[in-house]
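A closer look at the structure
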Amino acid sequence: MGGAGRIERLEESVVNRIAAGEVIQRPVSAVKELVENSIDAGSRCINVVVKDGGMKLIQVSDDGHGIRHEDLPILCERHTTSKLRGVEDLESIKSMGFRGEALASIAYVGHVTVTTITEGQLHGYKVSYRDGVMEHPPKPCAAVKGTQVLVEDLFYNMVARRKMLLNNDDYSKIVDLLSRFAVHHIGIAFSCRKHGAARPDVHSIPTPSRLDSIRSVYGLSVADNLIKVHHSHSHTPTSSLFELDGFISNSNYLAKKTTLLLFINDRLVECTALKRALEIVYAATLPKASKPFVYMSLVLPSHHVDVNVHPTKKEVSLLNQELIIEKIQSAVESTLRTSNDARMFQEQT
Ligand code: ADP
Ligand code: MG
């Protein structure tokens, strides 16, 4: 490079394209955002259809509260949301989304068409977006309850990304994602299928039982070998530091890889430190050391979890993380030991 170059401000459209590519890194990130929007909309039924690993088409249909007609013009603009009004809400936010970036990002890197109807309306509206803006006024159309978002030709305007992803199908990642959602959100019916396929690859029905939902998604070989785990740890008598509910595999479960379905305050997250900690407990407690299957839902006071990390950072940061992990380890260990002792006792008598 020669001398110092002149610094210029990038055009907004360039800034938006760069930001969008960060938020939506691959088809599965778009599916996650769309499904979380459907969950936030109070849906009871969410159906996902995918073509070419999501590169050609992603369609998410729900029966949620829909989007108001007057909101459609700004729906896909950056930082437009119905979920957050001010900074004071950030600490207590209950919805999955709040930054109003997902639909905008998707609409900058793909073609988005939304069909939606709100309660009490006689017809719905259909509208397409390009680079965040409506391509035409919303067209009245027939619609059933809820919203359908169709994303076509993802990364059509990002040649290198498109090439990389076309050789690297996301479908199994999408199935894995929907499986996790289905286990946690037991009141919602989820389905996920390939476009044109007769049978869905994920299919859950609403059930009051977590174990039933695990059985329907992960099968008998997992569900038959699980133990319930519960723990609640109090800081002071009045405020609990965290509450844990879950299912963990017993000594009959065999797997080469750890499966950890982790939800913190109902958000699907990843926590490598916790995963390692669980593996250590299993290796130490169960002699035939299989890698565990663990579904875990943690409830923490919301001011102990920082939700305002970058949307792609699935890794969470918790206050008192080491203490929490230690408590979880000992809860899991004693649950495992108790169940193992009971089994040994049964086998001996
Ligand atoms: P965020 O979820 O952070 O608010 P999004 O870009 O994902 O941002 O969505 C923007 C807004 O669009 C949401 O706040 C919500 O009001 C509306 N919306 C998006 N998807 C749906 C849906 N499936 N059902 C109802 N409203 C939706
Ligand atoms: Mg969202």
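None of these values were measured; they are calculated from a predicted model.

Description of the overall build of the chain
Of regular secondary structure, the chain possesses nine helices and 14 strands. What you see for the chain is a C-alpha radius of gyration of 22 Å, in line with the 20 Å of a compact globule of 349 residues. Evaluated residue by residue, the chain yields a buried proportion of 34% over its 349 residues. Within the chain, residue pairs in contact and separated by at least 24 positions form 64% of the contacts whose partners lie at least 6 positions apart.

Some points on the site of ligand 1
The environment of ligand 1 is made up of 22 residues, and the closest members are N37, T81, S82, G97 and A102. At the level of secondary structure, the elements contributing two or more residues to the shell around ligand 1 comprise helix 2 (27-40) and helix 3 (102-109). Taken together, the residues that form the shell around ligand 1 break down as seven nonpolar, 10 polar and five charged.

Here we look at the nonpolar core
For soluble globular proteins, nonpolar side chains are generally found buried alongside one another. The biggest cluster of nonpolar side chains holds 76 residues, and the ones touching the most others in it are V31, V48, I106, V112 and L178. Each of two domains, domain 1 (12-203) and domain 2 (225-348), supplies a minimum of three residues to this core. Those residues in contact with I106 that sit more than four places away from it in its chain are I24, A30, E33, V112 and V151.

Some points on the domain arrangement of the chain
How large an interface is tends to be reported as the accessible area lost when its parts come together. Parsing the chain into structural domains produces domain 1 (12-203) and domain 2 (225-348). The centre of domain 1, based on its C-alpha atoms, is set 31 Å off from the matching centre of domain 2. Between domain 1 and domain 2, the contact holds 15 residues from the first and 12 residues from the second. Looking at the side of domain 1 that touches domain 2, the elements that each hand over two or more residues are helix 1 (12-23) and helix 5 (171-184).

Details of helix 6 (residues 210-218)
Listed as buried for helix 6 are S213, I214 and V217. For helix 6, the buried positions fall inside an angular range of 100° around the axis, keeping them on one side. Once helix 6 finishes, G219 follows within two positions and takes phi at roughly 90°, a positive value.

As for the packing of helix 5 against helix 6
Contact geometry of helix 5 with helix 6 gives a least axis separation of 8 Å together with a crossing angle of 160°. With respect to their mutual orientation, helix 5 and helix 6 come out roughly antiparallel. For the pair helix 5 and helix 6, the sense of crossing is right-handed. Between helix 5 and helix 6, the residues in contact are S179, A182 and V183 and S213, I214, V217 and Y218, respectively.

Focus: the packing of helix 2 against helix 5
It is the contact of helix 2 with helix 5, at a shortest axis distance of 9 Å, that shows an interaxial angle of 25°. The angle between helix 2 and helix 5 places the two elements in the roughly parallel class. The crossing of helix 2 and helix 5 is right-handed. For the pair formed by helix 2 and helix 5, the contact residues are P27, V28, V31, K32 and V35 on the first element and K173, I174, L177 and F181 on the second.

A few points about the pairing of strand 12 (residues 259-264)
Bridge count between strand 12 and strand 14 (residues 293-299): six bridges; the pairing is parallel. What sits directly across from L262, in strand 14, is M296. As judged from the three bridges shared by strand 12 and strand 13 (residues 267-269), these two strands associate in the antiparallel manner. Across the sheet, the residue bridging to F263 is L268, located in strand 13. Hairpin connection, strand 12 to strand 13: the antiparallel pair is bridged by two residues, and N265 has positive phi, about 45°.

Digging into unusual backbone geometry
One non-glycine residue, D52, lies in the positive phi region at around 50°. Examined against the element boundaries, D52 turns out to sit in the loop between strand 1 (45-51) and strand 2 (57-62). Judged by local crowding, D52 falls into the partly exposed class, with 18 C-beta atoms found within 10 Å.

Regarding the environment of D306
Here D306 shows up in the loop between strand 14 and helix 9 (321-348). Each C-alpha atom of the pair D306 and L319 lies 8.4 Å from the other, and the pair is 13 residues apart in sequence.

Reading guide: rules and limits
- Residues numbered from 1 in each chain as written.
- Chains lettered and ligands numbered in written order.
- Predicted model: local features only at pLDDT ≥ 70, side-chain atom pairs only at ≥ 80, totals over all residues.
- Helix = DSSP H or I, 4+ residues; strand = E, 2+ residues; numbered from the N terminus.
- Rg over C-alpha atoms; globule rule 2.2 N^0.38 Å.
- Buried ≥ 20, exposed ≤ 12 C-beta atoms within 10 Å, placed from the backbone.
- Contact = placed C-beta atoms within 7 Å.
- Near = placed C-beta within 6 Å.
- Nonpolar A, V, L, I, M, F, W, Y, C, P; charged D, E, K, R; others polar.
- Core = buried A, V, L, I, M, F, W, Y, C linked by C-beta atoms within 7 Å.
- Domains from an automatic or database assignment.
- Arc of directions from axis to C-beta.
- Axes fitted to C-alpha atoms, helices over the stretch in contact; angles between N-to-C directions.
- Parallel < 35°, antiparallel > 145°, perpendicular 65-115°, else oblique.
- Left-handed = near helix turned anticlockwise from the far one by under 90°.
- Pairing = 2+ DSSP bridges.

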